[in-house]
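Breakdown of the fold
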Amino acid sequence: MRHHRRALRTLDCGFRRGLSSISMQTSAPQSRLQFGPLNLGILGAAALALAAGYVLLAQGSTTAAPILLVLGYCVLLPLGLIL
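Presented here is a report on the structure given in the accompanying data block. The shown structure was predicted, so the numbers you read here are calculated from the model rather than taken from an experiment. (Residues numbered from 1 in each chain as written. Predicted model: local features only at pLDDT ≥ 70, side-chain atom pairs only at ≥ 80, totals over all residues. Heavy atoms only, no water.)

With that settled, the discussion passes to the overall build of the chain. Scanning the chain from N- to C-terminus turns up three helices and zero strands. Counted over contacts in the chain with a minimum sequence separation of 6, partners at least 24 positions apart contribute 50%. Summing over all exposed atoms, the chain offers an accessible surface of approximately 6900 Å²; the carbon and sulfur share of this is 68%. (Helix = DSSP H or I, 4+ residues; strand = E, 2+ residues; numbered from the N terminus. Contact = heavy atoms within 4.5 Å. Areas by Shrake-Rupley, 256 points an atom, 1.4 Å probe, with all protein chains shown as cover.)

Below, the structure written as structure tokens:
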């Protein structure tokens, strides 16, 4: 019985120590993704290029649709996220 109480006491102290270290962290880490007007404009252009590409693809386009989809996915979307 003594061993059981000692183990619980040790666990309780460790738990309280953990809570005090958590409560000391007051500032949350800031996100690295902060989108400005340039990012939003490029991401908007990517959304338009993708939408137009899928519309043209549904109509049977074999040249303009793939170009717009590649432009949207491989150029504009990454640029909008990186810049």
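Closest axis-to-axis distance for the helix 2 (residues 37-58)/helix 3 (residues 64-82) pair is 8 Å, and the angle between their directions is 160 degrees. As summarised for this structure, helix 2 and helix 3 are arranged roughly antiparallel, according to the angle between their axes. Like other packed secondary-structure pairs, helix 2 and helix 3 cross with a definite hand, here left-handed. Together, Asn-39, Ile-42, Leu-43, Ala-45, Ala-46, Ala-49, Leu-50, Ala-52, Gly-53, Tyr-54, Leu-56 and Leu-57 of helix 2 and Ala-64, Ala-65, Leu-68, Leu-69, Gly-72, Tyr-73, Leu-76, Leu-77, Leu-79, Gly-80 and Leu-81 of helix 3 make up the contact between the two elements. (Axes fitted to C-alpha atoms, helices over the stretch in contact; angles between N-to-C directions. Parallel < 35°, antiparallel > 145°, perpendicular 65-115°, else oblique. Left-handed = near helix turned anticlockwise from the far one by under 90°.)

In this fold, Ser-61 is placed in the loop between helix 2 and helix 3. In terms of polar contacts, Ser-61 uses its side chain to reach the backbone amide nitrogen of Ala-65, at 3.4 Å. With near-sequence residues (within four places) excluded, Ser-61 lies in contact with Leu-56 and Pro-66. (Polar contact = N/O pair within 3.5 Å; in protein donor to acceptor, adjacent residues only side chain to side chain.)

Right, let's talk about helix 3 for a bit. The terminal C-alpha atoms of helix 3, which comprises 19 residues, lie 26 Å apart, in line with the 27 Å expected from a rise of 1.5 Å per residue. Approximately 35 degrees is the largest bend angle found in helix 3, and it occurs at Gly-72. Taken together, the buried positions of helix 3 are Ala-65, Leu-69, Gly-72, Leu-76 and Gly-80. Turning to helix 3, the residues buried within the fold contact helix 2. (Expected span 1.5 Å × (residues − 1). Bend = angle between axes of the 7 residues up to and from the residue. Buried < 20%, exposed > 50% of the residue type's maximum accessible area, 1.4 Å probe, protein only.)

Moving on to helix 2. Between the first and last C-alpha of helix 2 there are 31 Å, a value that for 22 residues agrees with the 32 Å anticipated at 1.5 Å per step. Of the positions making up helix 2, those classed as buried are Asn-39, Ile-42, Leu-43, Ala-46, Ala-49, Leu-50 and Gly-53. Along the axis of helix 2, the buried positions cluster into a sector of 120 degrees, meaning they face one direction only. Facing away from the buried side of helix 2 by over 90 degrees, the exposed positions are Pro-37, Leu-40, Leu-48 and Ala-58. Check the buried side of helix 2 and you find it contacts helix 3. (Arc of directions from axis to C-beta.)

Honestly, that's just the spatial picture; any functional story needs more than this.
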